Amino acid sequence: MRIDIITVSPELIKSPFEHSIMKRAQEKGLAEVHFHNLRDYAINDYGKIDDMQFGGGAGMVLMIEPIDACISKLKAEREYDEIIYMTPDAPTLNQRTANTLSLKENMIILCGHYKGVDQRVRDLFITKEISIGDYVLSGGELGAAVLCDTILRLIPGVLGDETSALTDSFQDDLLSPPVYTRPADYKGHKVPEVLTSGNFPKIEEWRADKAYELTERVRPDLLEE
Ligand code: ADE
């Protein structure tokens, strides 16, 4: 998988890709991530990439020309399955979207900034819009990092234990059951007996019950879906 991230702040977004699972995905040759500084496509020598909005109002808007120049250059080099725009006014990211995107070959992710991008960018180039939640970030970079993390960990071979992504919360619309490790008794606080019983059918049954109970209590909306 190849991901091209277009941003006005490459330094803001690079770090999460240099650690942990996202680093491992790249080291194993299972993912390639490239960052493109929108300023390199500015419309003048002063680095201009944004302007005031027509009709008046606070906040600068990212212009179409630099974004067109960057996306067109990338599209001339290879085919893209999706061109994603990170923005709060879009459907919210969920595990299903992450699963679908983890099967793609090449993707561009455009990070919004300031007041957003000229609507014509969205109309002409963007194939999918994603929000990471009902709150406003200063830019799409942190959202793009979250999106990439959810996707890259699903690529077969990235996680050491092949099954662990499948037992994550949300994979079956249920939250994950509680987990415990040693010691079995911590200052009188004991691990549920079933988990140390060695009775694996019973353990699975306990986990399923707990997952359901937890989901019903903290995220009943998932059960309605
Ligand atoms: N940019 C600003 N806020 C955002 C959000 N909630 N999700 C994705 N991109 C954003």
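Note that the coordinates shown come from a computational prediction; the quantities given were computed from them, not determined experimentally. (Residues numbered from 1 in each chain as written. Predicted model: local features only at pLDDT ≥ 70, side-chain atom pairs only at ≥ 80, totals over all residues. Heavy atoms only, no water.)

Looking at the environment of serine 20
Here's step 1: Turning to its location among the elements, serine 20 is positioned in helix H2 (residues 20-27).
Here's step 2: Here the alpha-carbon distance between serine 20 and aspartate 149, two residues 129 residues apart in the chain, equals 9.9 Å. (Helix = DSSP H or I, 4+ residues; strand = E, 2+ residues; numbered from the N terminus.)

With respect to the domain arrangement of the chain
Here's step 1: When cut into domains, the chain gives domain 1 (2-152) and domain 2 (167-224).
Here's step 2: In this structure, domain 1 and domain 2 have C-alpha centres spaced 37 Å apart. (Domains from an automatic or database assignment.)

Describing the site of the ligand
Here's step 1: Around the ligand, the surrounding shell consists of Met86, Thr87, Pro88, Ile130, Ser131, Ile132, Gly133, Tyr135, Val136, Leu137, Gly139 and Gly140.
Here's step 2: A distance of 3.3 Å separates a nitrogen atom of the ligand from a polar backbone atom of threonine 87.
Here's step 3: Tyrosine 135 places a polar main-chain atom, nitrogen or oxygen, 2.8 Å from a nitrogen atom of the ligand.
Here's step 4: When isolated, the ligand has an accessible area of 260 Å², and the protein chains bury 97% of it.
Here's step 5: A per-class count over the shell around the ligand returns seven nonpolar, five polar and no charged. (Near = heavy atom within 4 Å. Polar contact = N/O pair within 3.5 Å; in protein donor to acceptor, adjacent residues only side chain to side chain. Areas by Shrake-Rupley, 256 points an atom, 1.4 Å probe, with all protein chains shown as cover. Nonpolar A, V, L, I, M, F, W, Y, C, P; charged D, E, K, R; others polar.)

A closer look at the sheet that holds strand E2 (residues 32-37)
Here's step 1: Read across the open sheet, the five strands follow the order E2-E1-E6-E5-E7; overall the sheet is parallel. Each end of this open sheet is capped by a strand with a single partner; those strands are E2 and strand E7 (128-130). Neighbour to neighbour, the strand axes of the sheet diverge by 20 degrees on average, direction disregarded.
Here's step 2: Judged from the five bridges that link them, strand E5 (residues 82-86) and strand E6 (residues 106-111) form a sheet pairing that is parallel. Across the sheet, the residue bridging to glutamate 82 is methionine 107, located in E6.
Here's step 3: The strands that helix H3 (residues 64-77) touches are strand E1 (2-7), E2, E5 and E6; relative to E1, the one it contacts most, it runs at about 165 degrees.
Here's step 4: Sheet strands touched by helix H6 (residues 141-152): E1, E2, E5, E6 and E7. Its angle to E6, the strand with the most contacts, is close to 155 degrees. (Pairing = 2+ DSSP bridges. Axes fitted to C-alpha atoms, helices over the stretch in contact; angles between N-to-C directions. Contact = heavy atoms within 4.5 Å.)

With respect to the pattern of salt bridges
Here's step 1: Under the counting rule described, the total for this entry stands at 17 salt bridges.
Here's step 2: The residue aspartate 89 makes a salt bridge to arginine 122 at a minimum N-O spacing of 3.2 Å. One end of the pair, aspartate 89, is in the loop between E5 and helix H4 (95-101); the other, arginine 122, is in helix H5 (residues 119-124), and 33 residues separate them in sequence.
Here's step 3: Among the salt bridges present, the one from arginine 120 reaches aspartate 118, with a minimum N-O distance of 2.6 Å.
Here's step 4: Each of the salt bridges in this network shares a partner with another, and the network as a whole consists of Arg2, Asp4 and Glu32. (Salt bridge = Lys/Arg side-chain N within 4 Å of Asp/Glu carboxyl O.)

What about the pairing of E6?
Here's step 1: Burial of E6 is extensive: six of the six residues sit out of reach of the surface.
Here's step 2: Judged by which residues are buried, E6 turns out to be covered on both faces: Asn106, Ile108 and Leu110 on one side and Met107, Ile109 and Cys111 on the other are all buried.
Here's step 3: Strand direction decides the pairing type here: E1 and E6, joined by five bridges, are parallel. For aspartate 4, the partnering residue across the bridge sits in E6 and is isoleucine 108.
Here's step 4: Traced from E5 through H4 to E6, the parallel crossover comes out right-handed. (Buried < 20%, exposed > 50% of the residue type's maximum accessible area, 1.4 Å probe, protein only. Right-handed = clockwise from strand over helix to strand, strands pointing away.)

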